[in-house]
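Fold and geometry: a report
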Amino acid sequence: MARRVFAEKGFDRATIRGIAREAGVDPALVHHYFSSKEGMFVAAMELPVDPEEVIPRVLSGPREQMGERLVRYILAATADAEARQPVMAMVRTAMTNDEAAGMIREFMTRALLVRVAEALDIPPIRLEAAFAQMFGVIMARYVLRLEPLASAGTEELVELLAPAIQRYLAGSR
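Presented here is an overview of the structure given in this document. Treat the numbers as computed from the prediction; the structure is a model and nothing was measured.

Turning our eyes to something else, we now look at the environment of Ala76. Position of Ala76 among the secondary structure elements: in helix α6 (residues 66-79). With a relative accessible area of 54%, Ala76 lands in the exposed category. Between the C-alpha atom of Ala76 and that of Gly10, which follows or precedes it by 66 residues, the distance is 29 Å.

Here it is, written out as structure tokens:
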């Protein structure tokens, strides 16, 4: 039910109240199980990443180590083939379906990228650039299977990628 509502209305226009009405349940029940619209989207789309867990993990700790934390988190979250499968399915769908692409774009922008950019007090384009770089690495590693990137170890990739990601996150306005 929620997946259909998100698909029809997009992430921004879908509401917990509207999804609850469609499902014939009290909105309080939806809040109880999912706590937020983002949580409901993550569950409906079967995403392995929940902004309510990711954002505090990335933002906690010294700012000068944030690039490393983010790279490690993304590499760990995508290392397991089973956990990676829903993300790859979503990416493939977004590449061939404009509605899906719009819904995913809204979610990524509103639920993750803008929130982290605001918390860091940096322009959103910096976070989008960091995301784009890591997205490209994941696509090259797991879809295209480019070598030696595909078989590189986590520590090697962290050493290579963290400084660039840190530059995006630590930069001034």
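Let's shift gears to unusual backbone geometry. Look at the link from Glu147 to Pro148: it is a cis peptide, with omega at 10 degrees. Secondary-structure assignment places Pro148 in the loop between α9 (124-143) and α10 (154-170). One non-glycine residue, Ser35, lies in the positive phi region at around 65 degrees. By secondary structure assignment, the location of Ser35 is in the loop between α3 (27-34) and α4 (37-44). Classification of Ser35 as exposed rests on a relative accessible area of 56%.

Here we take up the pattern of salt bridges. Scanning the entire structure with this criterion turns up three salt bridges. A salt bridge links Arg115 to Glu52; the shortest N-O distance between them is 3.3 Å. Taken as a pair, Arg115 in helix α8 (residues 98-120) and Glu52 in helix α5 (residues 51-59) lie far apart in primary sequence, 63 residues in all. For Glu52, a relative accessible area of 37% translates into the label partly exposed. Between Arg72 and Glu155 there is a salt bridge; the shortest N-O distance is 2.7 Å.

We now examine the nonpolar core. Membership of the largest hydrophobic core comes to 52 residues, with the highest contact counts inside it found for Phe6, Val71, Ile165 and Leu169. Top contributing element to this core by residue count: α8, with 10 residues. Excluding its chain neighbours within four sequence positions, the residues that come into contact with Phe6 are Phe11, Ala14, Ile19, Lys37, Met40, Phe41, Ala44 and Met103.

Checked against the element boundaries, Phe6 lands in helix α1 (residues 2-13). When the C-alpha positions of Phe6 and Ala44 are compared, they lie 8.7 Å apart, and in sequence the two are 38 residues distant.

Here the focus is the packing of aromatic side chains. Counted by the stated rule, this structure contains one aromatic pair. Their ring planes at 25 degrees and their centres at 5.9 Å tell us that Phe131 and Phe135 sit as a pair that is stacked. Remark: Phe135 and Phe131 occur in helix α9; sequence separation between them is four residues, near one turn of the helix. Phe131 gets classed as partly exposed once you look at its relative accessible area, which sits at 32%. Assessed through its relative accessible area of 33%, Phe135 is described here as partly exposed.

Calculation criteria
- Residues numbered from 1 in each chain as written.
- Predicted model: local features only at pLDDT ≥ 70, side-chain atom pairs only at ≥ 80, totals over all residues.
- Heavy atoms only, no water.
- Helix = DSSP H or I, 4+ residues; strand = E, 2+ residues; numbered from the N terminus.
- Buried < 20%, exposed > 50% of the residue type's maximum accessible area, 1.4 Å probe, protein only.
- Salt bridge = Lys/Arg side-chain N within 4 Å of Asp/Glu carboxyl O.
- Core = buried A, V, L, I, M, F, W, Y, C linked by side-chain atoms within 4.5 Å.
- Contact = heavy atoms within 4.5 Å.
- Phe/Tyr/Trp six-rings, centres within 6.5 Å; stacked < 30°, edge-to-face > 60°.

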